[in-house]
Amino acid sequence: MAKEFEGKKLLILGGNPETGALVRVANEMGVKCIVASGRHADDAKKYCWKVSDIDGLDVPGLIALAREERVDGVLVGVADILVPSYRKVCEALGLPCYATQRIVDVFSYKDVFKATCESYGIHGIPEFYLDAELKSSDVAKIKYPVMVKPVDNGGGVGMTVVYKESDLKAAVDKALTASLAKRFIVERYMDGVEDMGMYYTFKDGYCSASCVYDRYTTDEQPGMSRVCLGGTYPSKHMNDYMKRMHFNAVRMFKEIGIRDGVLMLSGFYENGEFYVYDTGFRLQGEAPHLLLKKIYGYDQREMLVRFALTGSEGDKVDLYREDPYMNGKWAATVWFLLKRGRIAKVEGFENIADDQRVVDNVVRLVEGDEVLPEWIGNEKQVLSRLYLVCDNKDELASAIQEYQGKVKVYDENGDNMLLKGFDVRSALWL
């Protein structure tokens, strides 16, 4: 790759493993990356030019750092909670930013996002009104089970499934602790319904439905947020989505003012109706961009780095080529989730580099790492995410089943740490 930005300095907010992949791509473009996060040992800091332990929420500190280093651009990593900081830092420095304040207000807070969606005919999950006072008149109206979650955090952080009133206060306290805005919402727990992801890419005001896919979550952790086990592309509900919801979403994006960037909508499908429950206006931890790169040849990480440094995503991104049906390909992500304990041995990935079906295997945890109790129920318990692209559905099913069968993870006592994968035949309607 040509080092088109040789010597340019880019401040990246956040240091999780998914952001580490963004840093490595920027390095290949010649960029000097400065990663700022409050944890000194964050993964992304292994790959950058310079590190800073200034927290991604410390806006004055980030502004001072950017001025001291004379950075040429700022970019948020894979963290919803840092998008408001990203906007403020860019605004203070006069640097390109794909998120206006209106966009931040809508897409960084679940309650505002939900109300905005409803105004465009996009339904959210049925909700129960409740505030931190837990008034008895409000509590009495709740029908269990419900999901209690912070308005401004993701990846399962601060979320609890509540089955009875006696557990409600602890769930609310947990959500408030995880919320910078100190706000939470209480929604119907959508058990037994189908989960979906809708991934959009924007360039110069044009909106592309890059992919729509079905997601599968674990049911092995009662009372916890249902962490993803993977997804298959394209969605079996693609036709319904494009007819019933897509154009409402595009109208909303346009009127809010989105021109550049990438955005995820997460939703449920039940009895012919779609319910949107989450969003993220930044590069996604699920990384659909890896599949898009394989199929269409452009890298959204390069696109966002280029925008941060120039204000343009460049000429290499041709969204008119995109097709939510994946140009006839079939694709999947397979997540390997771990139980608590220390990882002693991982098997099954030894020959992965020679497998033409594999696009990537994004590793988060390695032998010797410990899965802590507080990681259970959120994406910190992910060992790795495997990305597959195949020519047809049968080939994809075979690949998923193969890896779900041969990947093994053992703790120090030789016990299995791996949760069950998703049902491939059901997922692909075989």
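Keep in mind the model is a prediction, meaning the values are calculated, not measured.

Caption draft 1: Layout of the overall build of the protein chain. Within the protein chain, the secondary structure is distributed over 13 helices and 19 strands. Computed over its C-alpha atoms, the radius of gyration of the protein chain comes to 21 Å, within 12% of the 22 Å expected for a compact globule of 430 residues. Once the C-alpha set of the protein chain is aligned to its principal axes, its extents read approximately 55 × 50 × 50 Å. Looking at the 430 residues of the protein chain, the share that counts as buried comes to 59%. Contacts in the protein chain between residues far apart in sequence, at least 24 positions, make up 67% of those at least 6 positions apart. Just so you have it, the protein chain exposes about 17,900 Å², and 47% of that area is on carbon and sulfur atoms. The protein chain carries 56 positive and 65 negative side-chain charges, and their two centres are separated by 2 Å.

Caption draft 2: A look at helix H5 (residues 110-119). The complete set of buried residues in H5 reads Lys110, Phe113, Lys114, Thr116 and Cys117. Down the axis of H5, the buried set is contained in an arc of 165°. They therefore lie on one face. Among the exposed residues of H5, those oriented more than 90 degrees off its buried face are Ala115 and Ser119. Note on H5: the residue one or two positions beyond its end, Gly121, has a positive phi of about 80°.

Caption draft 3: Main features of the nonpolar core. Counting residues in hydrophobic clusters, the biggest one holds 92 residues, and the most contacted among them are Phe107, Tyr200, Tyr241, Phe253 and Leu265. It is helix H11 (residues 300-310) that provides the largest number of residues to this core, a total of six residues. Judged by nonpolar contacts, the second largest core, of 39 residues, contains Val334, Ile343, Val358 and Tyr403.

Caption draft 4: Layout of the environment of Arg39. Within the secondary structure, Arg39 is located in the loop between strand E2 (32-36) and strand E3 (50-52). Taking relative accessible area as the criterion, Arg39 reaches 54% and is therefore assigned exposed. With 16 residues separating them in the primary sequence, Arg39 and Asp55 have C-alpha atoms 7.7 Å apart. Once you skip the residues sitting within four places of it in the chain, Arg39 turns out to touch Lys45 and Asp53. Of note is the side chain of Arg39, whose polar atom sits 2.9 Å from the side chain of Asp42.

Caption draft 5: View of the sheet that holds strand E11 (residues 228-233). Spatially, E13-E12-E9-E10-E11-E14-E18-E16 is the arrangement adopted by the eight strands of the open sheet, whose pairing is antiparallel. Unpaired on one side and paired on the other, strand E13 (273-280) and strand E16 (358-363) mark the two borders of the sheet. Looking at each pair of strands side by side, their axes are set apart by 20° on average, direction ignored. Here strand E14 (residues 330-337) runs beside strand E18 (residues 382-390); their pairing, made up of eight bridges, is antiparallel. When the sheet's bridge partners are listed, Val334 is paired in E18 with Leu386.

Caption draft 6: Looking closely at the pattern of salt bridges. One pass over the full model with this rule turns up 37 salt bridges. Residue Lys236 pairs with Glu194 through a salt bridge whose shortest N-O separation is 3.8 Å. Remark: Glu194 occurs in strand E9 (residues 194-203) and Lys236 occurs in the loop between E11 and helix H8 (238-244); sequence separation between them is 42 residues. Owing to a relative accessible area of 28%, Lys236 belongs among the partly exposed residues under this scheme. Judged by relative accessible area, which is 32%, Glu194 ranks as partly exposed. Each of the salt bridges in this network shares a partner with another, and the network as a whole consists of Glu18, Arg364, Glu379 and Arg385.

Caption draft 7: Inspection of the side chain of Ser210 at higher detail. Its place among the elements puts Ser210 in strand E10 (residues 206-217). Here the side chain of Ser210 touches Glu322 through a polar contact of 2.7 Å, side chain to side chain. Non-local contacts of Ser210, meaning those with residues more than four positions away in its chain, are made with Tyr199, Tyr200, Thr201, Leu292, Tyr298, Gln300, Glu322, Asp323, Pro324 and Met326.

Caption draft 8: Here's a closer look at the packing of helix H2 (residues 59-69) against helix H3 (residues 83-93). Following both chains from N to C, one finds H2 and H3 inclined at 45°, their axes separated by 10 Å at the closest point. Relative to H3, the element H2 is oriented oblique. Note that H2 runs across H3; the crossing there is right-handed. In contact with Val59, Leu62, Ile63, Ala66 and Arg67 of H2, H3 contributes Ser85, Lys88, Val89, Ala92 and Leu93. Classifying every residue of the contact of H2 with H3 by side-chain character gives seven nonpolar, one polar and two charged.

Caption draft 9: Geometry of the sheet that holds strand E6 (residues 146-150). Sheet architecture is open: four strands sit in the order E5-E8-E6-E7, paired in antiparallel fashion. Each edge of the sheet is formed by a strand with only one pairing partner; in this case those strands are strand E5 (127-128) and strand E7 (160-162). Inspection of the sheet shows E6 paired to strand E8 (residues 184-188) by five bridges, in the antiparallel sense. The residue of E8 that forms the bridge with Met147 is Glu187. The strands that H5 touches are E5, E6 and E8; relative to E8, the one it contacts most, it runs at about 55°. Against the sheet, helix H7 (residues 168-177) makes contact with E6, E7 and E8, and its axis sits at roughly 25° relative to E6, the strand it touches most.

Parameters at a glance
- Residues numbered from 1 in each chain as written.
- Predicted model: local features only at pLDDT ≥ 70, side-chain atom pairs only at ≥ 80, totals over all residues.
- Heavy atoms only, no water.
- Helix = DSSP H or I, 4+ residues; strand = E, 2+ residues; numbered from the N terminus.
- Rg over C-alpha atoms; globule rule 2.2 N^0.38 Å.
- Buried < 20%, exposed > 50% of the residue type's maximum accessible area, 1.4 Å probe, protein only.
- Contact = heavy atoms within 4.5 Å.
- Areas by Shrake-Rupley, 256 points an atom, 1.4 Å probe, with all protein chains shown as cover.
- Lys, Arg positive; Asp, Glu negative; His and termini not counted.
- Charge placed at Lys NZ, Arg CZ, Asp CG, Glu CD.
- Arc of directions from axis to C-beta.
- Core = buried A, V, L, I, M, F, W, Y, C linked by side-chain atoms within 4.5 Å.
- Polar contact = N/O pair within 3.5 Å; in protein donor to acceptor, adjacent residues only side chain to side chain.
- Pairing = 2+ DSSP bridges.
- Axes fitted to C-alpha atoms, helices over the stretch in contact; angles between N-to-C directions.
- Salt bridge = Lys/Arg side-chain N within 4 Å of Asp/Glu carboxyl O.
- Parallel < 35°, antiparallel > 145°, perpendicular 65-115°, else oblique.
- Left-handed = near helix turned anticlockwise from the far one by under 90°.
- Nonpolar A, V, L, I, M, F, W, Y, C, P; charged D, E, K, R; others polar.

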